[in-house]
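# A look at the structure
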Amino acid sequence: MSAPCLPVSYFSPAPPGKPNFGDVLNAKLLPLLTGRPVQHVPFGAPLPSYLVIGSTLQLATTYSRIWGAGFISNSESLELSSLQVDALRGPLSRSMLHAKGIYCPAVFGDPAILLPLLYAPPVAKTWDLAVIPHYVDQGHPAVAKMSRLPGVGVVDVLGPWRRVIRQICSSRYVFSSSLHGLIVADAYGVPNLRFVATDRIIGGDFKFDDYRQGVGGRSFIRVPVEDIADSPRSWFGACYFSPTLDAALELIRSCPFL
């Protein structure tokens, strides 16, 4: 008898027609963790579902159960007086729920930090630097400039998820404007730095700070991509990774479907 499906709401795909790395991890990580296939439940559907990886908490309904999701910004509103919460991405999201009178435990972490426990590709360090632009930043001139330097590779977050992870693991350092590029770098112990290329990423610093505070790390420094494009190696000393194992173990203990 096949295992019952796990109902999960997430952006699928986003952007339209393209499997964005952070969103697609819902459908890839959870079967590795549980042995159960994921059933995609559209947001707003009157069906029970989990919110796991992503800035989707503002889309929760009375049918939702939360294990790892967070708000996309501090200006979101949630028209609910109660909500089932097992874990959140970080304490900023928790404070917003508490302001609504919704109780939630102090268990934090984006479930993508579980990846090294489930997928550990044997790769050598072949790139000095992986540059990971958010999909809205792809094609930025400063990213293109870095891509032409020796030892630098650009990671396409719209590519196959295993390839994205292997490229991160094969790099000595990561510069990323993608939150999940940074989260995965943290999880696999790759020193990283957040760059800002455009103002098109919704929510500003909120989701970045929410995640890092959730795993007990120091907040990301916002570095304009133009500042690092000419001499990226001079910024390696500013890179840092936040250990995520303790948060990952707490997430597993709190998981409602294991």
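Our structure is the block above this text.
Report on the accompanying structure.

### Things to note about the overall build of the chain
Across its full length, the chain carries nine helices and 10 strands. A principal-axis box enclosing the C-alpha atoms of the chain has dimensions of 50 × 45 × 35 Å. The proportion of buried residues among the 258 residues of the chain is 55%. Long-range contacts, defined as pairs at least 24 residues apart, comprise 62% of the intrachain contacts of the chain with a sequence gap of at least 6. When the accessible area of the chain is evaluated, it comes to approximately 11,000 Å², of which 54% is carbon and sulfur surface. The average position of the 22 basic charges and that of the 18 acidic charges among the side chains of the chain differ by 6 Å.

### Some thoughts on helix H7 (residues 206-214)
Of all the nine residues making up H7, seven are buried; the element is thus mostly covered by neighbouring parts of the structure. If you check which residues of H7 are buried, you get Phe206, Lys207, Phe208, Asp210, Tyr211, Arg212 and Gly214. Just past H7, the residue Gly216 takes up positive phi, approximately 80°.

### Points about a nonpolar patch on the surface
Side chains of Leu117, Leu245 and Leu249 sit close together on the surface and give an oily, nonpolar patch of about 260 Å² of accessible area. For Leu249, the location among the structural elements is in helix H9 (residues 245-254).

### Focus on the pattern of salt bridges
Scanning the model with the defined rule gives nine salt bridges in all. A salt bridge links Asp128 to Arg233; its shortest N-O distance comes to 3.0 Å. With Asp128 in strand E6 (residues 127-132) and Arg233 in the loop between helix H8 (225-229) and H9, this pair connects stretches of sequence that are 105 residues apart. Judged by its relative accessible area of 24%, Asp128 falls in the partly exposed class. On the accessibility criterion, Arg233 (37% relative accessible area) is partly exposed. With a closest N to O distance of 2.6 Å, Arg222 and Asp205 form a salt bridge. Remark: Asp205 occurs in the loop between strand E9 (192-196) and H7 and Arg222 occurs in the loop between H7 and strand E10 (223-224); sequence separation between them is 17 residues. The exposure class assigned to Asp205 is partly exposed, which follows from its relative accessible area of 29%. Via salt bridges that share partners, Asp128, Arg172 and Arg233 belong to a single interconnected network.

### Some points on empty space enclosed by the protein
Taken as a whole, this structure holds one cavity of 30 Å³ or more when the rule is applied. There is about 50 Å³ of room inside the largest cavity. In terms of lining, the largest cavity is formed by Ser9, Pro42, Phe43, Gly44, Ala45, Leu47, Ser49, Leu51, Leu59, Thr61, Tyr63 and Ser64. Within the lining of the largest cavity, the residues separate by chemical class into seven nonpolar, five polar and no charged.

### Topic: the packing of helix H6 (residues 179-187) against H7
Two numbers describe how H6 lies on H7: the axes approach to 10 Å, and their chain directions differ by 15°. Compared by their axis directions, H6 and H7 come out roughly parallel. The way H6 lies across H7 gives a crossing that is right-handed. Residues Leu179, Leu182, Ile183 and Asp186 of H6 form the contact with H7, whose participating residues are Lys207, Phe208, Tyr211 and Arg212. Residue classes in the contact of H6 with H7 are distributed as five nonpolar, no polar and three charged.

### A closer look at the side chain of Gln58
Relative to the helices and strands, Gln58 is located in the loop between strand E3 (49-51) and strand E4 (64-67). In this structure the side chain of Gln58 is engaged in a polar contact, spanning 2.8 Å, whose partner is the backbone oxygen of Ser55. Filtering out sequence-adjacent residues up to four positions away, Gln58 remains in contact with Gly70, Phe71, Ile72, Glu76, Ser77 and Leu78.

Each value, and the rule that gives it
- Residues numbered from 1 in each chain as written.
- Predicted model: local features only at pLDDT ≥ 70, side-chain atom pairs only at ≥ 80, totals over all residues.
- Heavy atoms only, no water.
- Helix = DSSP H or I, 4+ residues; strand = E, 2+ residues; numbered from the N terminus.
- Buried < 20%, exposed > 50% of the residue type's maximum accessible area, 1.4 Å probe, protein only.
- Contact = heavy atoms within 4.5 Å.
- Areas by Shrake-Rupley, 256 points an atom, 1.4 Å probe, with all protein chains shown as cover.
- Lys, Arg positive; Asp, Glu negative; His and termini not counted.
- Charge placed at Lys NZ, Arg CZ, Asp CG, Glu CD.
- Patch = residues over 30% accessible without salt bridge, like charges linked within 9 Å, V, L, I, M, F, W, Y side chains within 5 Å.
- Salt bridge = Lys/Arg side-chain N within 4 Å of Asp/Glu carboxyl O.
- 1 Å grid on protein atoms, 1.4 Å probe; cavity = no way out; pocket = protein on both sides within 12 Å on 5 of 7 lines; lining within 4 Å.
- Points joined across faces, edges and corners; volume = space filled by probe spheres on them.
- Nonpolar A, V, L, I, M, F, W, Y, C, P; charged D, E, K, R; others polar.
- Axes fitted to C-alpha atoms, helices over the stretch in contact; angles between N-to-C directions.
- Parallel < 35°, antiparallel > 145°, perpendicular 65-115°, else oblique.
- Left-handed = near helix turned anticlockwise from the far one by under 90°.
- Polar contact = N/O pair within 3.5 Å; in protein donor to acceptor, adjacent residues only side chain to side chain.

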